[in-house]
Amino acid sequence: GVEWPSCIFVPQTGCPSSDADEIQPFFEHAMAGIRAHDPGNLVWMEPQLLAGGTGSPTGFTAIAGEEQLGYSVHNYCPLSALLQAAEFGLLDAVPADFPDTCEDFEKEVFVQSRRTADRIRAVDLVTEFGATDDIGLLDRVTRLADQNLTGWQYWAYKEWGDPTTQSQGSGAQGLFTDDADLSSVKVAKLAILERSYPQATAGIPLELSFDPASGDFHYRYQARPSSAPTTIHVPPASYPEGYRVDVSGAKISSAVGAPSLTLENLDCGGEVSVQIRRP
């Protein structure tokens, strides 16, 4: 809606009426059409770009009868977004005293995303963040995602002549300096984004961390009965000389040095803890 600047400039208020009266009815209308043909798969709804970062709750509510709902959020620094809006004439100007609150904003996006997801009975996922070569920003957001046990998708693998931002000519969105040349990968950026993470868990995740600098990975979960193992992606780029594993509550069932580490629970009522380190 045209009132979107109030979502960031008046953080105590946010845009609850826009969520409840405009965005959610639109999604519910679209979902009804999707469900008429596909009753079982996840359907995703998404708030406006800057939702959650100021600490304001969203106005979304649970949807009756909807059991497979995803909540898709973006996590971008508000100052960058507002400067871009002003550049494209979508906003008259950004106030001179507007603070650069990227770190606090990024943290709050995760907090409010989970609160909204719990309220509407959905699973939350950061479907966009990054679009930058700022390694510090990428490190912050990925660490926050781990701390909040939230999945993410980076924007973007390549530039692809993106019509929404190509006029800026920054070349900072993708993982390559040249889309046509895979050898032009931005190594420092890849080192942050290509990380150890659990792809499937035979239980309930409790704690997750990964340090791109050292390669140290820690994961802890409450074991549950399962016919499939816990699977952890271990990127070779992070462990050029292999890796060692310390695990309790489970046994390793994959080959030594495999890029997918698999674990079989020993006690379905206990906790499993796994640590991966460089030799």
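You'll find the structure just up there.
Residues numbered from 1 in each chain as written. Predicted model: local features only at pLDDT ≥ 70, side-chain atom pairs only at ≥ 80, totals over all residues. Heavy atoms only, no water.

**A closer look at the nonpolar core**
Line of reasoning, step 1. Within the largest apolar cluster, 26 residues are counted, with the highest numbers of intra-cluster contacts made by M31, M45, L69, Y71, I120 and F129.
Line of reasoning, step 2. Put simply, the parts of the chain that give this core at least two residues each are α2 (16–35), β1 (43–45), β2 (69–75), α4 (102–120), β3 (123–129), α5 (135–147) and α6 (187–193).
Line of reasoning, step 3. It is α5 that contributes the most residues to this core, 5 residues altogether.
Line of reasoning, step 4. Not counting residues within four places of it along the chain, the set of residues in contact with L69 comprises M31, L42, V43, M45, I63, I120, R121, A122 and V123.
Line of reasoning, step 5. One finds V234, A250, A258 and V272 within the second-largest nonpolar core, a separate group that totals 17 residues. (Core = buried A, V, L, I, M, F, W, Y, C linked by side-chain atoms within 4.5 Å. Buried < 20%, exposed > 50% of the residue type's maximum accessible area, 1.4 Å probe, protein only. Helix = DSSP H or I, 4+ residues; strand = E, 2+ residues; numbered from the N terminus. Contact = heavy atoms within 4.5 Å.)

**A closer look at the packing of α4 against α5**
Line of reasoning, step 1. At a minimum axis separation of 10 Å, α4 and α5 run at an interaxial angle of 30°. The angle between α4 and α5 falls in the class roughly parallel. Helix-helix and strand crossings are classified by hand; for α4 and α5 the assignment is right-handed. Counting all contacts with α4, which are made through C102, E103, E106, K107 and F110, the residues of α5 involved are L137, R140, V141, L144 and A145.
Line of reasoning, step 2. When the residues that make up the contact of α4 with α5 are grouped by side-chain class, the tally is 6 nonpolar, no polar and 4 charged. (Axes fitted to C-alpha atoms, helices over the stretch in contact; angles between N-to-C directions. Parallel < 35°, antiparallel > 145°, perpendicular 65-115°, else oblique. Left-handed = near helix turned anticlockwise from the far one by under 90°. Nonpolar A, V, L, I, M, F, W, Y, C, P; charged D, E, K, R; others polar.)

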